[in-house]
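Observations on the model geometry
Listed here are the chains, written in short residue letters.
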Amino acid sequence: MTEFITIATFNFAHEVMVLKTILDRESIPYLFQNENLVSIDPLASLAYGGIQLKIHPNDIEAVQTILDDLNNNLKIV
């Protein structure tokens with residue numbers, strides 16, 4: 001896991017649910033750091049640095065494409 005890098009940060013646990021499903025389906029190894037801490041205490045998310053999506057450097061392009069697709073297709077506001 002020392003090779004994993006942070007590619008995105010989220011403030012709330014519910015923001016990572018769809019992304020987890022996609023990453024699992026694509027068989028991309030990942031780690032959401034601080035996910036449990038933020039789930040327990042969502043108001044302190046900024047203090048913990050948010051939920052950090054960590055991936056292997058070899059998967060940067062694939063994950064960035066997934067993140068871009070999600071940002072373009074899930075505009076709620």
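Okay, so let's go over this structure. (Residues numbered from 1 in each chain as written. Predicted model: local features only at pLDDT ≥ 70, side-chain atom pairs only at ≥ 80, totals over all residues. Heavy atoms only, no water.)

Describing the overall build of the protein chain
- The secondary structure content of the protein chain amounts to four helices and three strands.
- Secondary structure elements of the protein chain, listed N to C terminal, follow the sequence β-α-β-α-α-β-α.
- Taken over C-alpha atoms, the radius of gyration comes to 12 Å for the protein chain, in line with the 11 Å a tight globule of 77 residues would show.
- Here the C-alpha coordinates of the protein chain stretch approximately 35 × 30 × 15 Å along the principal axes.
- Looking at the protein chain as a whole, 34% of its 77 residues are labelled buried.
- A separation of at least 24 residues holds for 66% of the contacts in the protein chain among residues at least 6 apart in sequence.
- With the model as given, the accessible surface of the protein chain reaches about 5300 Å², and the carbon-plus-sulfur share is 55%.
- Side-chain charges in the protein chain split into 4 positive and 10 negative, and the spacing between the mean points of these groups amounts to 4 Å. (Helix = DSSP H or I, 4+ residues; strand = E, 2+ residues; numbered from the N terminus. Rg over C-alpha atoms; globule rule 2.2 N^0.38 Å. Buried < 20%, exposed > 50% of the residue type's maximum accessible area, 1.4 Å probe, protein only. Contact = heavy atoms within 4.5 Å. Areas by Shrake-Rupley, 256 points an atom, 1.4 Å probe, with all protein chains shown as cover. Lys, Arg positive; Asp, Glu negative; His and termini not counted. Charge placed at Lys NZ, Arg CZ, Asp CG, Glu CD.)

Remarks on the packing of aromatic side chains
- Following the criterion strictly, the structure yields two aromatic pairs and no others.
- When the ring of Tyr30 is compared with that of Phe32, the centres are 5.4 Å apart and the planes differ by 65°; the resulting orientation is edge-to-face.
- According to the relative accessible area criterion, Phe32 is buried, its value standing at 7%.
- Aromatic rings pair up to connect Phe10, Tyr30 and Phe32 into one cluster. (Phe/Tyr/Trp six-rings, centres within 6.5 Å; stacked < 30°, edge-to-face > 60°.)

Brief notes about the pattern of salt bridges
- Counted according to the given criterion, the structure contains two salt bridges.
- Note that Lys20 and Glu35 form a salt bridge whose closest N and O atoms lie 2.7 Å from each other. Within this pair, whereas Lys20 is found in helix α1 (residues 17–25), its partner Glu35 is found in helix α2 (residues 35–40), the two being separated by 15 residues in sequence.
- The exposure class of Glu35 is buried, given its relative accessible area of 16%.
- Between Arg25 and Glu26 there is a salt bridge; the shortest N-O distance is 3.6 Å.
- Owing to a relative accessible area of 44%, Glu26 belongs among the partly exposed residues under this scheme. (Salt bridge = Lys/Arg side-chain N within 4 Å of Asp/Glu carboxyl O.)

By themselves, these are just geometric observations and shouldn't be taken as functional.
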